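# Descriptive analysis of the structure
Listed below, chain by chain, are the residues.
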Amino acid sequence: MTQRSKGLTRAKEIYRDRSRRVKELKTEGKKIIGYLCLYPPLEMMTALGLVPYRIFGDMRESITAADRGLPVSFCPFARSCLDLGMKGKYDFLDGMVMAHACDPVEKTAHVWELFIKHPYFYFMDVPAATRKRDVGVFKGELETLRETLESFVGEKLSSEELKKSIKIHNEQRVLVRKLYELRRPDPPLISGTETLQTIKAVMSIPVEEGNGLLREVITEVKQRRDGPQKKAARLLIWGSVIDDVSLIEMIERAGANVVIDDTCVGTRAYWTDVELTEDPLDGLAYHYLAEIKCPRTFVEAAHGEVRKDHMADLESRFSYLKDCAEGWNVNAVILQSVKYCEDHGFEVPELKYYLDSLGLPNTYLEHDYAEGSLAPLRTRVEAFLEVIG
Amino acid sequence: MATKEGKGRAINRLKTMYPLRAKVDESYQKSVEAMRAGKPTVWAMLNWWEGDVILKAMDLEIVYPENYGAACAAMGVAQSYLDRADADGFPAHLCGYSRNAFGYASRMMKELNGEIPPEAPMGGMPKPVLLLSSNVICDARYKWFQALGHYMDAPMWVLEMPTPGVKELFMEGVYDRCINFIVEDLREFITFLERLLGKRMNWDKLDETMRLTEEICRVWHEISELRKAKPCPMHSRDFWSSMAPGLFLLGDLKDTLKCYRDMYDEVKRRVDNHMSGIAAEEKYRLVFTELPPWHTLGFFNKLAERGWNFVIESWGYHPPIPIDLTNISGPLERLARFCFQFNVGYFEGALREGETYGYHAYPHLVYARDWKCDGAFLHPLITCRSASTHLPYTQDMLMRKANIPSLTIEGDIVDLRLFDPVDALNKAEPFEETMEHYREVRRKEGFDW
């Protein structure tokens, strides 16, 4: 075996050829389970000896096969994922867990299940809100998922094994947050582009290997002297999935440091730990339903209130962004979304209003999840950076 | 035979459809009058009976911004509301109905201090005391009402309907878990309403409302069953004209039930007398899917002249397949089971046939097969993606399973320019050849139509 690379170099290699490692593991007898979006509980898969592997699209590849299953005017990210699946690029998967993460992903799941055959497939319903009853029914959903996974691997999953797995995944969450700490200084010690490459790499390999990679990256970044340069703009990026560095690279080349994000290949997956409850499913249910900050989830200031307080509502939905902006000394925000993402689209006026109230300059960008669609955005980004000085 | 568009001569309209159609206008008018009399009004998403039964029992006026979006589009005022929504920063790709509602709310709240805009068609939508959303079918239907907080301080409630996968529904404990969840959700919703309105639920009235709803939907379902006859006695236009009172529980429910019973009788007479829903000979039987081009319904007359009879249509606007609820005593559990049946009523068949898109898509295979269709007319709606997502799957499934070809003509729910009836008519003749071809293929493969 040749000596493997380390740290950022390894992260970049995995980012570029992300299925290589799990294919190696497959030849060693490991079973690989794909999952789309953040809602399937990875801890359960790890605890059963399965390797969770996050499904992404490819904004550099034309969509040709997915037209058989999804319309053109539809979430281009979901279309791209399905397209890759229908072209056989996820054939190495032994199974797939898809969730009612949002409306397009829910519908993509039904199409995926028909057209792409894996030995195991489970569709997990996810409630829209986060009331106690929602968490309860979601826990029931996790129980059913556990039973199907147990049946697939042919062994029972004990609470102790699941708790052990939760600890390992929590360790990953802690490490990612440590990585993000390195973006607080000015200039940040690690760029937005490098962070995205690292996170995507971590989502492509077994959790313990991911933890090792994160430790290597953190050590390397702390020691190096050739990190990002100081720039006037320190940005927060909010919005729908960013699984390709093109957008972040373009923004960073335009003269900004992207120092924090609120996206699902970033903070949303890692910002809080799963609580180790007596029945581990309680902690998992609460974490995955109530703590992942995706706008697909209905959040309200006070459940059952008979009069709405607009600012309290906005605080309940967006105050974590204020914390991020303060903690990372952000001076402007870019809101971005793939076209046709309604969950993010409906948030835009309210979020802009909230950011305005904080005095944070902001702009909204929309793209087609295609590399070519980013070029016209460069001028807008440059103009925005010029305005904020 | 020449027929003027809109005159309806090519389609034998049902006389019993008109009283049902009239209930839509009456309903809007009644809401405005009720508001003037100080009665609280609720803005509700189409909730497939889950919330409406309760709101009716609480004697609340309900208006539906989704419906109203269609009305604004048809009456030519939607564009000004869409422009306002754009100006307020809502992305243009969002659901067209929602953007219409944002523009309307912006005009009402920012400029008119809560008064109904004078240009608003059909009396307008009065300022609500409650926004009742639902997560059935799409996220837009709760994200939209949440975003209305930008304009108004009305409280909001999200009714939730579980959405299991086809095979997952039949796993141990899943069905009961879903029902228990819905029952608890509804119970809490009632408690909330009582607090909001300062009055108690009349449970006897709720029970009666539920029973009337079940009966209305049962009769409505039976009408569709009669349409399996050859020739089909009722064209889709009559379905669309008469669906709102059943879908939205409009008007006095006893009267609504009588209207549907009258319709059943008329359709039954037609079946007995071999009378068709179209004037010309029925040459092709079609299933239509998704919302029709409301503003260009006369287009169907042209197709009727060619012998196209639309014999069944979109699953999402039909009542659930009836289920036996006689042993279920409480109105909330009956309501929960009834509404869940709408969502999952076709799942057993889908599982049996290996289809994984159990709602939206699979019911159209049942329709096409049981109603003996020669073709499917698919109408994707550009800004209503949730209703259009299943269409490629549906098209593929109809061909895979029953050799039924599809004709796809794009349109939209508010942008009327996107539907081109001339282009659609140009495609009619070649599609007839396709339908003939596949009729032959089906015969050779042993299908019975």
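That block above? That's the structure.
Right, let's walk through the structure included here. (Residues numbered from 1 in each chain as written. Chains lettered and ligands numbered in written order. Predicted model: local features only at pLDDT ≥ 70, side-chain atom pairs only at ≥ 80, totals over all residues. Heavy atoms only, no water.)

### A short note on the packing of helix α8 (residues 174–197) of chain B against helix α13 (residues 331–344) of chain B
All names here are of chain B. Just so we agree on the cut-off: Every angle, taken between N-to-C directions, lies between 0 and 180 degrees, and every axis is a line fitted to C-alpha atoms, over only the stretch in contact when it is a helix. Strands are runs of DSSP state E lasting at least two residues, helices are runs of H or I lasting at least four, and both sets are numbered from the N terminus onward. Each angle is binned into one of four classes, with values under 35 degrees roughly parallel, values over 145 roughly antiparallel, values of 65 to 115 roughly perpendicular, and all other values oblique. Left-handed describes a crossing whose near helix is turned anticlockwise from the far helix through less than a right angle; right-handed describes the clockwise counterpart. Here a residue-residue contact requires only that any non-hydrogen atoms of the pair lie within 4.5 Å. Here the term charged refers only to Asp, Glu, Lys and Arg, the term nonpolar to Ala, Val, Leu, Ile, Met, Phe, Trp, Tyr, Cys and Pro, and the term polar to all other amino acids, Gly among them.
Contact geometry for α8 and α13: axes closest at 9 Å, N-to-C directions at 125 degrees. As far as their axial angle goes, α13 and α8 are oblique. In terms of crossing hand, the pair formed by α8 and α13 is right-handed. Contact residues: Y175, C178, I179, I182, V183, L186, R187 and I190 in α8; L332, E333, L335, A336, R337 and F340 in α13. Among the residues forming the contact of α8 with α13, the class breakdown is eleven nonpolar, no polar and three charged.

### A few points about the environment of S236 of chain B
Residues and elements named next belong to chain B. Basically, it comes down to this: The rule is simple: take the accessible area with a 1.4 Å probe, protein chains only, and divide by the maximum for that residue type; under 20% is buried, over 50% is exposed, in between is partly exposed.
Note on placement: S236 falls in helix α10 (residues 236–248). S236 sits in the buried class, given a relative accessible area of 0%. C-alpha separation for the pair S236 and P292, spaced 56 residues apart in sequence, amounts to 9.4 Å. With residues near it in sequence (within four places) discarded, S236 still touches R227, F310, V311, I312 and E313.

### A word on the environment of L321 of chain A
Along the polypeptide, L321 of chain A turns up in helix α12 (residues 310–327). In contact with L321 of chain A, not counting residues within four places along its chain, are L236, W238, D262 and L351 of chain A.

### Focus: helix α6 (residues 132–153) of chain A
Counted only if it meets this: Each helix should span, by expectation, one fewer than its residue count multiplied by 1.5 Å.
In this model, α6 of chain A (22 residues) spans 32 Å end to end at C-alpha, consistent with the 32 Å of a helix rising 1.5 Å per residue. Looking one or two residues past α6 of chain A, G154 of chain A carries a phi angle of roughly 80 degrees, positive in sign.

### Considering the pattern of salt bridges
Oppositely charged side chains are able to pair whenever their charged atoms sit close together. Our working rule: Every case where a carboxyl oxygen of Asp or Glu lies within 4 Å of a side-chain nitrogen of Lys or Arg is listed as a salt bridge.
What the rule picks out here adds up to 79 salt bridges over all chains. The salt bridge partner of R400 of chain B is E355 of chain B, with a shortest N-O separation of 2.9 Å. Of this pair, R400 of chain B sits in helix α17 (residues 391–402) while E355 of chain B sits in the loop between α14 (347–352) and α15 (362–370); the two residues are 45 residues apart in sequence, bridging distant segments of the chain. On the basis of relative accessible area, R400 of chain B is assigned to the partly exposed category, the value being 37%. One network of salt bridges, with partners in common, ties together R131, R133 and D134 of chain A together with E160, D185 and E188 of chain B.

### A closer look at the sheet that holds strand β6 (residues 256–262) of chain A
All names here are of chain A. Applicable threshold: Between any two strands, pairing holds if DSSP finds at least two bridges.
The parallel open sheet is built from four strands, whose spatial order is β6-β5-β7-β8. Where the open sheet ends on each side, the last strands, each with one partner, are β6 and β8 (362–367). Within this sheet the neighbouring strands show an average axis-to-axis angle of 30 degrees, counted without direction. The pairing of strand β7 (residues 332–338) with β8 spans six bridges and is classified as parallel. Bridge assignment links L335 to a residue of β8, and that residue is Y364. On top of the sheet, helix α10 (residues 246–253) reaches β5 (233–239), β6, β7 and β8; it is set at about 140 degrees to β6, its chief contact. The sheet contacts of helix α14 (residues 348–357) involve β5, β7 and β8, and relative to β8 the element is tilted by about 155 degrees.

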